[in-house]
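In case you want the letters, here they are:
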Amino acid sequence: MKRSVKSISILPAYPLKVAVALAGAALVSFGLSTARADDLPVWDDQTYEGQSAVIEQLNKEFEAAHPGVTIKRTARTFDDMKLTLKLAVSAGDGPVVTKVNQGAGDMGAMVKEGLLLPVDDYIKKYGWDKRQSDSVLARDRWDGAKFGVGKTYGISGLAEIVGLYYNKKILADAGVAVPQTFEEFLAGLDKLKEKGVAPFMMGTAKQHLALHMIGAIEQAHIDASNRAELDDLIYGRGGSWNTKGNIESAKLVQNWAQGGYFFPGFEGISGDDAVQLFISGQGAFLISGTWYFGDMQHNPDIGFMAIPAPKGIAKPLSVGGVDLAWAITSLAKDKTKQDLAGDYIDYMVSEKAAETWANAGYLPATSLAPDAKPKLTPLLTSGIEMWKTLNANDALGHYPDWSSPTMLKTIDDNTPLLLSGNITPEAFVDAMDKDYQAYLKDKK
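Keep in mind that what you see is a predicted model, and the values were worked out from it rather than measured.

J.: I keep staring at the overall build of the protein and nothing clicks. Help me out?
T.: A tally of regular secondary structure across the protein gives 18 helices and 15 strands. Over its C-alpha atoms the protein spans a radius of gyration of 22 Å, differing by no more than 12% from the 22 Å that the globule rule assigns to 444 residues. In terms of overall dimensions, the protein has a C-alpha envelope of 70 × 50 × 40 Å along the principal axes. Counting every position in the protein, which comprises 444 residues, the buried fraction comes to 57%.

J.: Sorry if this is basic, but what is going on with the pairing of strand β12 (residues 285-289) here?
T.: When you tally the buried positions in β12, you get five out of five residues, the bulk of the element. By the alternation rule, side chains of β12 split into F285, I287 and G289 and L286 and S288, which are all buried. Across five bridges, the pairing between strand β11 (residues 159-167) and β12 is antiparallel. Within the sheet, the bridge partner assigned to Y165 lies in β12 and is L286.

J.: Which parts of the structure should I look at to understand helix α8 (residues 182-194)?
T.: Given 3.6 residues per helical turn, the α-helix brings residues three or four places apart onto the same face. If you check α8, its first and last C-alpha atoms are 19 Å apart, about what 13 residues at 1.5 Å a residue would give, namely 18 Å. Among the residues making up α8, those that are buried are F182, F185, G188, L189 and L192. Down the axis of α8, the smallest arc covering the buried residues is 110°, so these residues share one side. The secondary structure elements touched by the buried residues of α8 are β11, α7 (168-173), α9 (209-219), α11 (244-258) and β12.

J.: In this structure, what is going on with the pairing of β11? I would like to understand it.
T.: In terms of residue burial, β11 counts as a mostly covered element, since nine of its nine residues are buried. Of the strand pairs in this sheet, β11 and strand β13 (residues 302-305) are connected by four bridges, and their pairing is antiparallel. When the sheet's bridge partners are listed, L164 is paired in β13 with M305.

J.: I'm lost on the pattern of salt bridges in this one. Help?
T.: Note that side chains of opposite charge can pair when their charged atoms are close. Enumeration according to the criterion identifies 18 salt bridges in this entry. In this structure, D44 and R73 form a salt bridge, with 2.6 Å as the shortest nitrogen-oxygen distance. You can see D44 sitting in strand β4 (residues 39-44) and its partner R73 sitting in strand β5 (residues 70-75), a full 29 residues away along the chain. Side by side, D44 and R73 carry an identical accessibility label, which is buried.

J.: I tried to follow unusual backbone geometry on my own but got confused; where do I start?
T.: With the exception of glycine, the majority of residues adopt a negative phi angle, and the majority of peptide bonds are in the trans configuration. In this structure, Q207 is a non-glycine residue whose phi angle is positive, near 70°. The residue Q207 is located in the loop between α8 and α9 in this model. The exposure class of Q207 is buried, given its relative accessible area of 11%. Positive phi, close to 50°, is recorded for D394, a residue that is not glycine. The residue D394 is located in the loop between α16 (378-392) and α17 (407-420) in this model. Assessed through its relative accessible area of 43%, D394 is described here as partly exposed.

J.: Hey, could you run me through the side chain of T410 in this one?
T.: Examined against the element boundaries, T410 turns out to sit in helix α17. Judged by relative accessible area, T410 falls into the buried class, the value being 15%. If we skip the residues at most four places from it in the chain, T410 touches A431, M432 and D435.

J.: Looking at this model, I keep getting lost on the packing of α11 against α17. Mind explaining?
T.: What describes two packed helices is the angle between their axes and the distance between those same axes. Remark: α11 packs on α17, axes separated minimally by 7 Å, with the N-to-C direction vectors making an angle of 60°. Regarding the angle of α11 to α17, the classification is oblique. Listed contacts from α17 to A250, V253, Q254, A257 and Q258 of α11 are L418, L419 and S420. Split into classes, the residues belonging to the contact of α11 with α17 amount to five nonpolar, three polar and no charged.

J.: I'm lost on the nonpolar core in this one. Help?
T.: Soluble, globular proteins show a tendency: their nonpolar side chains are buried together. Membership of the largest hydrophobic core comes to 140 residues, with the highest contact counts inside it found for Y165, F200, W256, F262, F285 and M296. With seven residues, the single largest contributor to this core is α9. Ignoring sequence-local partners within four residues, the contact set of F262 consists of F200, M202, M213, V253, W256, A257 and L419.

J.: Looking at this structure, how should I read the sheet that holds strand β10 (residues 151-152)?
T.: Paired through their backbone hydrogen bonds, the strands of a sheet run either parallel or antiparallel. One open sheet accounts for three strands, arranged β9-β8-β10; its pairing is antiparallel. If you trace the sheet from one side to the other, it starts and ends with β9 (146-147) and β10, each paired once. The sheet contact formed by strand β8 (residues 141-143) and β9 spans two bridges and is antiparallel. Following the sheet pairing, D143 is matched in β9 by K146.

Conventions and cut-offs
- Residues numbered from 1 in each chain as written.
- Predicted model: local features only at pLDDT ≥ 70, side-chain atom pairs only at ≥ 80, totals over all residues.
- Heavy atoms only, no water.
- Helix = DSSP H or I, 4+ residues; strand = E, 2+ residues; numbered from the N terminus.
- Rg over C-alpha atoms; globule rule 2.2 N^0.38 Å.
- Buried < 20%, exposed > 50% of the residue type's maximum accessible area, 1.4 Å probe, protein only.
- Pairing = 2+ DSSP bridges.
- Expected span 1.5 Å × (residues − 1).
- Arc of directions from axis to C-beta.
- Contact = heavy atoms within 4.5 Å.
- Salt bridge = Lys/Arg side-chain N within 4 Å of Asp/Glu carboxyl O.
- Axes fitted to C-alpha atoms, helices over the stretch in contact; angles between N-to-C directions.
- Parallel < 35°, antiparallel > 145°, perpendicular 65-115°, else oblique.
- Nonpolar A, V, L, I, M, F, W, Y, C, P; charged D, E, K, R; others polar.
- Core = buried A, V, L, I, M, F, W, Y, C linked by side-chain atoms within 4.5 Å.

The analysis is restricted to geometry; functional conclusions fall outside its scope.
Structure representation (structure tokens):
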């Protein structure tokens, strides 16, 4: 839901001093290619420049610690990964280790088709359950069509929170204080608009800023003590998206789009371009995730906080969780390759990797070592404190699209109609619920 940079393929050169061990041959689109026994084909979605640099560094460190092993890296955008991953693994020429989106549409579908291997033995072997909470690991569990229970099929390296980015200088110049409640937030938006300042930076041509906005607003109105209904929806246990809260959130965002609260021309701007415009000082607020920390840190006027909750909500939910999970595919045919894959994932979620990510300005899912001394940016400091609070309050929310295999498409198809006023908020939410109810029916 968040990547858009063009796919790149990075294939490191073979070490000259390593004897070549041929594992066989695989037919690929450009002809016949040989694969070595010590090659480890890996797909990831870290396509932003700063993220890619971290992955390259971690890959080099892993290779140095494993003489003879070569990481064959392919980086793909989130959308490219959704289109190609399952097909590539099914065809036998995909990755052995891959990032995969949690939820029914990707991880759930691949588990159902036997394309992913459980990692529970590696959780036990390496103690991953000591590095990340059980509620976080549960987002990678499947038992047939049941989400959130059963065997574990992945683990993530980065934490994610969808929150509110704000430009301190723009707010100060407009005489608007950083909001502490949702009511103050709404009043501030009105004041910004009156002064001719675009309250929100937005782009809907590509990526999913509008989806995150609608979900984040809705979930900020849910107290952690009342999260069971949302959990049931996401984990496919039943319920309905057709609620007053969802309709009111869709209505509010539609009013913002129709009422001039979004940056002019937002319909023709991609999400990533909207982020760059925001970094350059356009727009007072932007609702998106911590995966943009690396970009945002270049403007010292930008701050980050949770979506302000309305009065009466003590522990509001924040959309988020973790980034796409590291997983082992069925192409790891033997125990040796599976163990190499497990070892690679262990390094990617290690305390050392967490410190490397933190030094680059990103929020790791694994806790930092007690003696770690990363260079924390103000944004990352805010993110770490939010992550601690959300976990302590059991207030980490969910991405709505995880709830069915086709929910992301349903939301993407209907969001432009909602923002343009061509469908009502009720019709928007109804489309989500029809998708979900059809999924529940198919599961039976």
